[in-house]
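A closer look at the structure
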Amino acid sequence: MCGIAGMVTPSPEPLLETFLSQAKLHLRSRGPDHFDSAKLDQGVHLLHTRLSIIDLTGGVQPMQDEDGAIVFNGEIYNYQELRDRRIEYRTTSDTEVLLKGMAARGLPFLNDVDGMFAFCYFDRHRRRLTLARDRFGIKPLYYYRSARCFAFSSTLQSLMVFSRKRINERGLAEYYSFRACCAPNTIFDDVYELKAGEALVFDIATMKIEQIVRWVHPKTHQRQIKDENAALELLDSNLRLAIKRHLVSDVPVATLLSGGVDSSIVTALAAQYAPSISAFTIGFEEDGFDESRYAAAVCRAHGIRHHVEYCNADAFLQHVDAWPAVMDDVVADPSAVFLYAVAQFVRDSSYKVVLSGEGADEMFCGYNQYFRFKFAKQFYKAGKYLPLLPSLIGTVRGSKSREIHFARQLSLIPHYYGAGLIFEPYLISSLLVRSFEVVGVDTLSAALDLDVARRLPDDILTRTDRATMHASVEARVPFLTQYVCAVADRCSEDLLLNGRQRKYILKKLAERYVPAECLYRRKVGFDLPLAKWFRNQLKERLLDNMRGSWQYDFINKDFFHGIVEDHMAGRNDNADKLWAFLLLEQNVEFLRSLPSQAHADRSMMAVN
């Protein structure tokens, strides 16, 4: 796992050295073990910071051969199977397998890759760069383009050298709708993110983006598996294969264990292949939020070494001021703060790699929103005759926006908009100065696809990547392999959502490996007592950031103040909305404080 960056500039560029130094600085935590850069012909500069996981001595990057060069962030779990017997390899690293595979086959090679990645491949013969991101978007990749240069990086912070740092209004609207800007948008209008499963081809001769293509083979939902036993056996074998591959490493591997179903089954199966594995858990002092006892039950059942660190509001507050530097690309998920805390705990315990349970909720119907959507579709036949239901709920329940949104689902044509909504679709037009349409989907399969395509890469995986990599820890996600995903895609909807039972088939599988007390209970995960904290420890911090906020150029000040007042008075739990505001305010201010082209231009004018 690493940090990558690069720049193409055919003529002398004053910002080159600044960019390279900033990239090295901001990618340092992603790769503390080794740093190197290479100036190639044709004005191509590549940079790499390394967290050494596989082939600790031979996998140094940028890696070059007679055909090209590569900088690569990620892991290829089946790299040994992909080695071509006709080729003589100089290392035992997965990086060289990717380098040779791109030279021989180009983008089609990626459909055979089982792994997570973001990379830049330089083709010497065709004089072009290919940037690519894995099918699920586990690893990030951002880029900037202008007439005089093209640059890319694993982080937004590195690219602030070039950015004018003007707010991207569509990105901001997406953030307040879905907790994150949706690729290719970022919070600034001149920096972009490559989408999951896409590749960008840049022509060096013309200094233009030649094409942006989707390299992933399109999938189709056949949903032909209806037999529970057949689904169980296929899911069991494919998940076992994924976990076995994800344990491949030249350094010790641990797990992140929340005590929920997903991380519990990953931990239990990992222990069968690595009996000495350790599990790390964050516990909470507040009642109703601590799941460490369930995590402990999993560890007892499998003889796993269990490490627990307890956190509270004070620990959360200690991270808030420094959080924008950790988060980089803003994602309004407060649980990321404690994910960072547990990643630090892992690193301090001398581990570099952890397995995590991300992706199972989006593929196997793990969120309550899926049940509500399915119920709304069933109820709508009667609910359409109750057009005043949302108004009635609003009168009876006041400003409880989640309940009003659900009432609108019942009485209007039901659409699914995503599992991570901040401002519900009916509220977003009141929040924003300029209109923004939130488009939904109308089937359960489409709802799952929407969350896999948007929520996972833009929100969940971005959060996990930043929180772990800032602690110099690699997080691997076994559920996010094409063959585990294929099982979910082939299962009938009833095997995913059976009545009110979410993740039905996954929980049936978990019954084989996870103590019963850990399975059929309320989902908590990394939920926090944030509502309480905003009425106490975080209140003044929020109010300070609201005074003279730059956001009032884009959001309705009076409307947002009403949201705050409703929360403080206890009329509604708006903690997610308040956190989104606070985090965005601090994140943009931090990014704007970094060296930039605008600063450089002003400095040059002053000198002249």
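Refer to the structure printed above.
This text gives an overview of the structure that appears in the document.

Procedures and definitions
- Residues numbered from 1 in each chain as written.
- Predicted model: local features only at pLDDT ≥ 70, side-chain atom pairs only at ≥ 80, totals over all residues.
- Heavy atoms only, no water.
- Axes fitted to C-alpha atoms, helices over the stretch in contact; angles between N-to-C directions.
- Helix = DSSP H or I, 4+ residues; strand = E, 2+ residues; numbered from the N terminus.
- Parallel < 35°, antiparallel > 145°, perpendicular 65-115°, else oblique.
- Left-handed = near helix turned anticlockwise from the far one by under 90°.
- Contact = heavy atoms within 4.5 Å.
- Nonpolar A, V, L, I, M, F, W, Y, C, P; charged D, E, K, R; others polar.
- Buried < 20%, exposed > 50% of the residue type's maximum accessible area, 1.4 Å probe, protein only.
- Arc of directions from axis to C-beta.
- Polar contact = N/O pair within 3.5 Å; in protein donor to acceptor, adjacent residues only side chain to side chain.
- Phe/Tyr/Trp six-rings, centres within 6.5 Å; stacked < 30°, edge-to-face > 60°.
- Lys NZ or Arg CZ within 6 Å of the ring centre and 35° of its normal.
- Pairing = 2+ DSSP bridges.
- Salt bridge = Lys/Arg side-chain N within 4 Å of Asp/Glu carboxyl O.

In contact at an axis separation of 8 Å, helix H6 (residues 228-246) and helix H18 (residues 482-490) are set at 160° when each is read in the N-to-C sense. As judged from the angle between their axes, H6 and H18 are roughly antiparallel. As for how H6 packs across H18, the hand of that crossing is left-handed. Residues Ala231, Leu234, Leu235, Asn238, Leu239, Leu241, Ala242 and Arg245 of H6 form the contact with H18, whose participating residues are Tyr483, Val484, Val487 and Arg490. Of the residues in the contact of H6 with H18, the class split is nine nonpolar, one polar and two charged.

Quick look at helix H22 (residues 539-546) now. Each α-helix turn comprises 3.6 residues. Residues three or four places apart therefore point the same way. Every buried residue of H22 is accounted for by Leu542, Asn545 and Met546. The arc that holds the buried residues of H22, viewed along the axis, is 105°, so those residues lie on one side. Once H22 finishes, glycine 548 follows within two positions and takes phi at roughly 70°, a positive value.

Inspection of the secondary structure assignment puts serine 472 in the loop between helix H17 (444-469) and strand S17 (474-476). Residue class for serine 472 comes out buried when judged on its relative accessible area of 9%. A distance of 2.6 Å separates the side chain of serine 472 from the backbone oxygen of serine 29, its partner in a polar contact. Excluding residues within four positions of it along the chain, serine 472 makes contact with Ser29, Pro32, Leu51, Arg347 and Lys352.

In the structure shown here, the tally under the stated rule is 24 aromatic pairs. Judged by centre distance (5.2 Å) and plane angle (70°), the ring pair of tyrosine 175 and tyrosine 176 falls under edge-to-face. Taking relative accessible area as the criterion, tyrosine 175 reaches 0% and is therefore assigned buried. Note on tyrosine 176: relative accessible area 0%, which makes it buried. Between the aromatic rings of tryptophan 550 and phenylalanine 554, the centroid separation amounts to 6.2 Å while the plane-to-plane angle is 70°, which identifies the pairing as edge-to-face. Taken together, Tyr143, Phe150, Tyr192 and Phe202 form an aromatic cluster joined through their ring pairs. Sitting over the ring of tyrosine 89, arginine 83 keeps its end group 4.3 Å from the ring centre.

As summarised here, the arrangement of the six strands in space is S2-S3-S1-S9-S8-S10, forming an open sheet in which the pairing is antiparallel. Looking along the sheet, the strands with just one partner apiece sit at the ends: strand S2 (34-40) and strand S10 (192-193). With two bridges joining them, strand S8 (residues 142-145) and S10 adopt antiparallel strand pairing. Residue pairing across strands places tyrosine 142 opposite glutamate 193, the latter belonging to S10. Strands strand S1 (2-8), S2, strand S3 (44-50) and strand S9 (150-153) of the sheet are contacted by helix H1 (residues 16-26), whose axis makes an angle of about 175° with S1.

Moving on, we come to the pattern of salt bridges. According to the stated counting rule, one finds 35 salt bridges in the structure shown. Between glutamate 81 and arginine 245 there is a salt bridge, and its shortest N-O distance comes to 3.0 Å. Remark: arginine 245 occurs in helix H6 and glutamate 81 occurs in helix H2 (residues 79-82); sequence separation between them is 164 residues. Look at glutamate 81 and you get exposed, because its relative accessible area is 56%. Classification of arginine 245 by relative accessible area gives buried; the value is 15%. Among the salt bridges present, the one from aspartate 236 reaches arginine 512, with a minimum N-O distance of 2.7 Å. Taken as a pair, aspartate 236 in helix H6 and arginine 512 in the loop between helix H20 (504-510) and helix H21 (530-534) lie far apart in primary sequence, 276 residues in all. Here the salt bridges share partners, and the residues they tie into one network are Arg179, Asp333, Glu358, Glu362, Arg455, Asp459 and Arg463.

Taken in spatial order, the five strands make up an open sheet running S15-S14-S13-S16-S17, and their pairing is parallel. Across the chains shown, the open sheet's two edge strands, defined by having one partner strand only, are strand S15 (305-311) and S17. Neighbour-to-neighbour, the strand axes of the sheet open up by a mean angle of 30°, direction not taken into account. Against the sheet, helix H11 (residues 335-348) engages strand S13 (253-256), strand S14 (278-284), S15 and strand S16 (353-355), with an angle of about 140° to S14.

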